[in-house]
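Each chain, letter by letter, is given below.
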Amino acid sequence: MLKHRWFAFLVLGCCLAMMTGCWDAVELNRRAIVSGIGIDWMESKSQYLISFQTVVADEISGKAGRGATPTSVYQASGKTVIEAMRNTSRKVPRIISLAHTGLIVISDDVARNGIVDLFDYLDRDSDIRLTAEILVAGKGQRAEEVVAVLTPIGKITAFALAQKIDLTSRQLSENFRVEVDDVIRGMLTPGGGPIINGVIIEGSKEGAAKKSNLESAKSDGLAVISNLAVFKGGKLKGWMTKEESRGTVWIRDKMQKTPLHIKLENGQGEVAFDVMRSKTRIEAELQDPLQPIIRIFVEPNLSIREVNSSIDLRDPHTMKILEEAVNKEVVRILKKAVEKSKRLDSDILGFSHVIERTKPAVWRELKDRWDVIYPRIQVEYQVNSVVRNSQMRDRSFKHDIHIE
Amino acid sequence: MIGYRSRNRRKAPKKDSEELELSSKTRPSVISGNMEEQLARIRTESGDSPDIVIRRLKLGGKDNCAIVYLNGLSDPQMVNHFVMESLLHVNPDLLNKEDPEAMLKRIMEDGLAMGESRAMTEWNDIMLAILSGDTAILIEGSEKAIVAGTQGGEWRSVTEPTSQLVVRGPKDSFVESIATNISLIRRRMKSPDLWLETMKIGSVTHTHVAIMYVKGKADPEIVKEIKERIHGIKIEGILESAYIEEFIQDKTVTPFPTIYNTERPDDAAGKLLEGRIIVLVDGTPFVLVLPTVFVHFFQSPEDYAQRFDIAIVMRIVRYLCFIILILGPSVYIALTTFHYEMVPTLLLISLVAQREGVPFPAFVEAMLMEIVFEILREAGVRMPRAIGQTVSVVGALILGQAVVEAGLITPAMVIVVALTGIASFAIPAYNLSIAGRLIRFGFMVLSGMFGFYGLTLGLIVLVAHMNSLRSFGEPYLAPISPFRYKSQKDAVLRMPFKTLQSATLTASASGSGKQGNRSSTQQGIGAGSGTAEQNNGSERGDGGSNQHAVAPSAEGNRNSG
């Protein structure tokens, strides 16, 4: 009896293997790994043009390289993203696999038309990760061109661009990482919208896509992270300048390191600071429900990096003067960002969240009129900077030169 | 009958027993006073084997005495010096006057300078004693024979263990002689509480089987159960402790060993101290330890010779190796064919590049390589030592490299297979590593068909199966499942000896608390599957005491002659 049961199990097990097959098994050499996606709008067909930057694996690692480009771009158009993706199957011999997509570039005109529908796909798809980086191609530039760029350092451009965002947000702090879920969260902000990093191609767009781009010491074209794009809801409203970007990053409390350049009064010269770390806090005062006051508190810690002046850094009084000068400069930068967001009437800085958190009842009243209130909202700044160090020297040797 | 290995062998003993019955009718079971007749019978029953030495002696001038011993199994020194010399020095005048029975008594009392000598009447016992290396002294006219303990002969001397090596720790190992093995343990534990019981199993081989345990620590229920099961064994010969293991284990349908074996006396002594019972079998250096739990197979005597923190790390490494062994190739298959999104991007690109132009799917690739690895290992194990080197060089270097260069197998797969191979050697117990190798193939099929989904289901089944295993009532996964906090100190971890003293991983810790439960679990297992036959066997043994069990086998011996 026991033997028969085992035999039956064996037969059933074999049937299982035969009848179901190997589920959704796909060998690795039947996959085309996509590293970046570019999304453009084709005015003529009024369809999306999707460009997939696929990795040519044996060019990147392995012995069988033929000296071809490390990535190759496949394009197809379609009314929806999925349609475009399926259309690529006529061009690509392998399954387009999106799970390792590190970067999604949206062209300026797609962004202006609205990205809400696009992000439903990105949010819904089981392959694409929510941690994929989002970029908006600068005005007059196309996403397909960005995706086609070849970079000498970092063979796969999409990953290299993602790394550039990561690096610049740590070193310069005029950008910060914006992923799929950040964008969706931004679109859900009432009266606001996401801010997304921009990307432009510096130099020749045609040259950047050629293999010769890798062969010259000065690249013909280079994909460069640019300033922030401001959205309202799902639509692109406008682009920020460098300083506005920095102010936005600062108010959003993503500030890590940034250089500050202070011109001292009375022609005493100039001092360059580096913000080492900074803390931002936003509070809302709701005495008058129709006139909320937003207070932004910023506490940057600074380090003196360059002194083109004869001031005496050993004097504590000098520090006071320097800190006050920094405070003014920071307020100026913050103001620019706030003014820009007011002008575009998009609450990208998250003031609505602050009000809602402070007094939910008041927010419920304000909510419907927020679009009207926001451009006229009163914002107060309080910057309290602290100079923490002056690197390896206190006062410059130039100080001694002047004494003599 | 528990069942023999093949049908052919099953018929043979039946024939024998028929013959045996016939011969037992014609021949008396006790010896007679006629010495010549007895000597002739010894010759005929042994087929006139030349190694049975019969030496006639004249005590008191008459041709009235003979000694019989087996050349090679008896110690010639003892036979010459203590038996023959003593006999020849007995005062012949005294002997002359006496009748044979008194003479025999006198020889026993005055003549033999032997520690071990007894008078015997049963033909079978005498024959068995001779075959074990003792010397029988027959005297004309006496219906008794003296059996002098002269067992000796050549054994392999105590050497370093070959299968359980340690860097630091005792360097001796068990040998094939059960007496030596017992002495090795006795020497480590000078306690009267260390109890020993012996029995003879095997209708032809009459192999000595001994069980040892520490009275007061070992659960008496388990001791009783073990004895019953051993007595229930019906087989012609026991040539290795594995025979016993197979007969007495709880469940047979499992790849996992449920009885631990060791060739290290220090290991065995350590297990005795935990309250476990060891079974020694004559003729093999491998000693069984019962009841066994899964964690035993990951403990090395080395653990107790090193600092505890280092020992903990070493043990964790072994568990890690077991996981790599059973899951290594299957996880690789699942990752590359089903879940490419889980592989780090740059690694994935490297894997994709390797897969370019490789003809087989990952599953076939893994199967091929694992089978090749098994072939290499099997070849290496059976090879004469001089050629063994060649196998490893040809196998590991040439084959591995050529297969990659020819583009048949991806280098990553070679790495995975090599890793699992090495991991299998890191497990201290060889029998568990074989079990792991077997299970690995099952997981490879599962992951080749269903990816991590199948792998997870397989793991659930595996853990459930391991939970269902019992070793003499002890849950196989104890003390992890069921979780016993106090026993954790020397299970997966090895805490310092100070804390170990209060609570070791004792076998009786589980038993003493719930002895009532034990018998019920036993029944539960019996009713389950597989062990039903065994339970029958032990029930049969139940009725008979120690002597009863030996008696039938002794009959068998007589008749077979």
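As annotated in an unreviewed UniProt entry, chain A is Germination protein, Ger(X)C family from Paenibacillus vortex V453. Here is the UniProt Sequence similarities (unreviewed entry) comment for chain A, exactly as written: "Belongs to the GerABKC lipoprotein family." What UniProt records for chain A under Subcellular location (unreviewed entry) is the sentence "Membrane".

Examining the overall build of chain A
The helix and strand inventory of chain A stands at 16 helices and 14 strands. Overall, the C-alpha framework of chain A stretches about 95 × 60 × 60 Å when taken along its three principal axes. Out of the 404 residues in chain A, the part that is buried amounts to 50%. Sequence separation of at least 24 residues holds for 69% of the intrachain contacts in chain A that already meet a minimum separation of 6. Accessible surface for chain A amounts to roughly 20,300 Å². Of this, 52% is attributable to carbon and sulfur atoms.

Examining the pattern of salt bridges
A full pass over the atoms with the stated rule returns 47 salt bridges over all chains. Between Asp 120 of chain A and Arg 124 of chain A there is a salt bridge, and its shortest N-O distance comes to 3.0 Å. A residue pair is termed a helical-turn pair when its members lie 3 or 4 positions apart in one helix, as Asp 120 of chain A and Arg 124 of chain A do in helix H5 (residues 116–124) at four residues. Asp 266 of chain B serves as the salt-bridge partner of Arg 264 of chain B, at 3.1 Å between the closest nitrogen and oxygen. With relative accessibility at 17%, the residue Asp 266 of chain B sits in the buried group. Through salt bridges that share partners, Glu 133, Asp 166, Arg 170, Arg 177 and Glu 179 of chain A make up one connected network.

Observations regarding the interface of chain B and chain A
Contacts between the two partners involve 24 residues from chain B, matched on the other side by 29 residues from chain A. Across the chain B/chain A interface, buried area totals approximately 2,400 Å², and carbon plus sulfur atoms make up 67% of it. If you sort the residues of chain B by the area they bury against chain A, Tyr 340, Ile 349 and Met 449 of chain B come out on top, with a joint share of 26%. Glu 27 of chain A serves as the salt-bridge partner of Arg 355 of chain B, at 3.8 Å between the closest nitrogen and oxygen. Applying the counting rule to chain B against chain A returns eleven residue pairs in polar contact (both at pLDDT 80 or more). Broken down by element, the side of chain B that touches chain A gets its largest block of residues, eight residues, from helix H12 (residues 345–355) of chain B. Here the side of chain B that touches chain A is built from residues that sort into 16 nonpolar, five polar and three charged.

Details of the sheet that holds strand S1 (residues 52–59) of chain B
Residues and elements named next belong to chain B. Here five strands make up an open sheet; going across it, the order is S1-S2-S4-S5-S3 and the pairing antiparallel. With partners counted over all chains shown, the strands left at the sheet margins are S1 and strand S3 (117–120), one partner each. Adjacent strand axes in the sheet meet at a mean angle of 25°, parallel and antiparallel pairs treated alike. Across four bridges, strand S2 (residues 62–70) lies against strand S4 (residues 135–139) in antiparallel orientation. Bridge pairing in S4 links Ile 67 to Ile 137. Running over the sheet, helix H2 (residues 35–45) touches S1, S2 and S4 and is turned about 165° from S1.

A short note on helix H7 (residues 178–188) of chain B
All names here are of chain B. Buried residues of H7: Ile 178, Asn 181, Ile 182, Leu 184 and Ile 185, and no others. Each buried residue of H7 lies within a common arc of 155° when the element is viewed along its axis, so the set occupies one face. H7 presents Ala 179 and Arg 187 as exposed residues on the side facing more than 90 degrees away from its buried surface. Residues of H7 that are buried in the fold lie against strand S6 (194–201), strand S7 (207–214), helix H10 (265–273) and strand S9 (277–281).

Re a nonpolar patch on the surface
A cluster of nonpolar side chains, contributed by Val 393, Val 394, Leu 397 and Ile 398 of chain B, occupies part of the molecular surface with about 350 Å² of accessible area. Turning to its location among the elements, Ile 398 of chain B is positioned in helix H14 (residues 385–405).

Section: the pairing of S7 of chain B
All names here are of chain B. With seven of eight residues buried, S7 lies mostly within the body of the structure. As paired elements, S6 and S7 share eight bridges and run antiparallel to each other. Considered in S7, the bridge of Ile 201 is made with Thr 207. In this structure, the hairpin formed by S6 and S7 is closed by a connection of five residues, where Gly 202 is found at a positive phi of approximately 110°.

Focus: the domain arrangement of chain A
Residues and elements named next belong to chain A. For chain A, the assigned domains are domain 1 (29–239) and domain 2 (244–403). When each unit is reduced to the centre of its C-alpha atoms, the spacing between domain 1 and domain 2 is 33 Å. With 23 residues of domain 1 at the contact, the number on the domain 2 side is 23 residues. Carbon and sulfur atoms supply 59% of the area that domain 1 and domain 2 bury against each other, a total of about 1,800 Å² over both sides. Looking only at domain 1, the three residues that lose the most surface to domain 2 are Ser 173, Phe 176 and Pro 190, adding up to 25% of its buried area. The tally of links from domain 1 across to domain 2 stands at two salt bridges. We note a salt bridge from Arg 246 to Glu 174, for which the minimum N-O separation is 3.1 Å. Along the contact surface separating domain 1 from domain 2 lie ten residue pairs in polar contact (both at pLDDT 80 or more). Those elements that place two or more of their residues in the side of domain 1 that touches domain 2 are helix H7 (157–171), strand S8 (221–232) and strand S9 (235–239). A per-element tally of the side of domain 1 that touches domain 2 places S8 first, with five residues. Its residues assigned to classes, the side of domain 1 that touches domain 2 comprises nine nonpolar, ten polar and four charged.

Section: the domain arrangement of chain B
Residues and elements named next belong to chain B. Segmenting chain B into domains produces domain 1 (31–148), domain 2 (178–293 + 530–560) and domain 3 (308–468). For the pair domain 2 and domain 3, the summed buried area comes to about 690 Å², and 72% of that belongs to carbon and sulfur atoms. Joining domain 2 to domain 3, the criterion identifies zero salt bridges. On inspection of domain 2 and its partner domain 3, the count reaches one residue pair in polar contact (both at pLDDT 80 or more). Of the residues that constitute the side of domain 2 that touches domain 3, the class distribution is five nonpolar, two polar and one charged.

Section: the environment of Val 461 of chain B
Examined against the element boundaries, Val 461 of chain B turns out to sit in helix H16 (residues 430–468). Note on Val 461 of chain B: relative accessible area 56%, which makes it exposed.

Comments concerning unusual backbone geometry
Residue and element names in this part refer to chain B. A cis amide bond links Ala 478 to the next residue, Pro 479, at an omega of 0°. By secondary structure assignment, the location of Pro 479 is in the loop between strand S12 (474–475) and helix H17 (497–502). The phi angle at His 206 is positive, at roughly 50°, despite the residue not being glycine.

A look at the pairing of S8 of chain A
All names here are of chain A. Judged by how many residues are buried, S8 sits mostly within the fold: nine of twelve residues are covered. Relative to S8, strand S7 (residues 195–203) is paired through nine bridges, and the arrangement is antiparallel. Across the sheet, Asn 197 pairs through a bridge with Leu 228, a residue of S8. In this structure, S8 lies alongside S9, joined through four bridges in antiparallel fashion. Paired with Val 230 across the two strands is Gly 238, which belongs to S9. Connecting the antiparallel pair S8 and S9 is a turn made up of two residues, with Gly 233 showing a positive phi of about 60°.

Topic: the packing of aromatic side chains
Taken as a whole, this structure holds 15 aromatic pairs over all chains when the rule is applied. Lying across the ring of Phe 297 of chain A, Arg 281 of chain A places its NZ or CZ 4.4 Å from the centre. Taking NZ or CZ as reference, Arg 229 of chain B lies 4.2 Å from the ring centre of Phe 472 of chain B, over its face.

Overview of the sheet that holds S9 of chain B
Residues and elements named next belong to chain B. Spatial strand order, S6-S7-S9-S10-S8: five strands in an open sheet with antiparallel pairing. In the strand order of this sheet, the two ends are held by S6 and strand S8 (260–262), each with one partner. When the angles between neighbouring strand axes are averaged without regard to direction, this sheet yields 25°. This element, H10, spans S6, S7, S8, S9 and strand S10 (287–290) of the sheet and lies at about 135° to S8.

What counts and how
Residues numbered from 1 in each chain as written. Chains lettered and ligands numbered in written order. Predicted model: local features only at pLDDT ≥ 70, side-chain atom pairs only at ≥ 80, totals over all residues. Heavy atoms only, no water. UniProt positions renumbered as here; feature names shortened; annotations may be inferred. Helix = DSSP H or I, 4+ residues; strand = E, 2+ residues; numbered from the N terminus. Buried < 20%, exposed > 50% of the residue type's maximum accessible area, 1.4 Å probe, protein only. Contact = heavy atoms within 4.5 Å. Areas by Shrake-Rupley, 256 points an atom, 1.4 Å probe, with all protein chains shown as cover. Salt bridge = Lys/Arg side-chain N within 4 Å of Asp/Glu carboxyl O. Buried area = accessible area lost by both parts, 1.4 Å probe. Polar contact = N/O pair within 3.5 Å; in protein donor to acceptor, adjacent residues only side chain to side chain. Nonpolar A, V, L, I, M, F, W, Y, C, P; charged D, E, K, R; others polar. Pairing = 2+ DSSP bridges. Axes fitted to C-alpha atoms, helices over the stretch in contact; angles between N-to-C directions. Arc of directions from axis to C-beta. Patch = residues over 30% accessible without salt bridge, like charges linked within 9 Å, V, L, I, M, F, W, Y side chains within 5 Å. Domains from an automatic or database assignment. Phe/Tyr/Trp six-rings, centres within 6.5 Å; stacked < 30°, edge-to-face > 60°. Lys NZ or Arg CZ within 6 Å of the ring centre and 35° of its normal.

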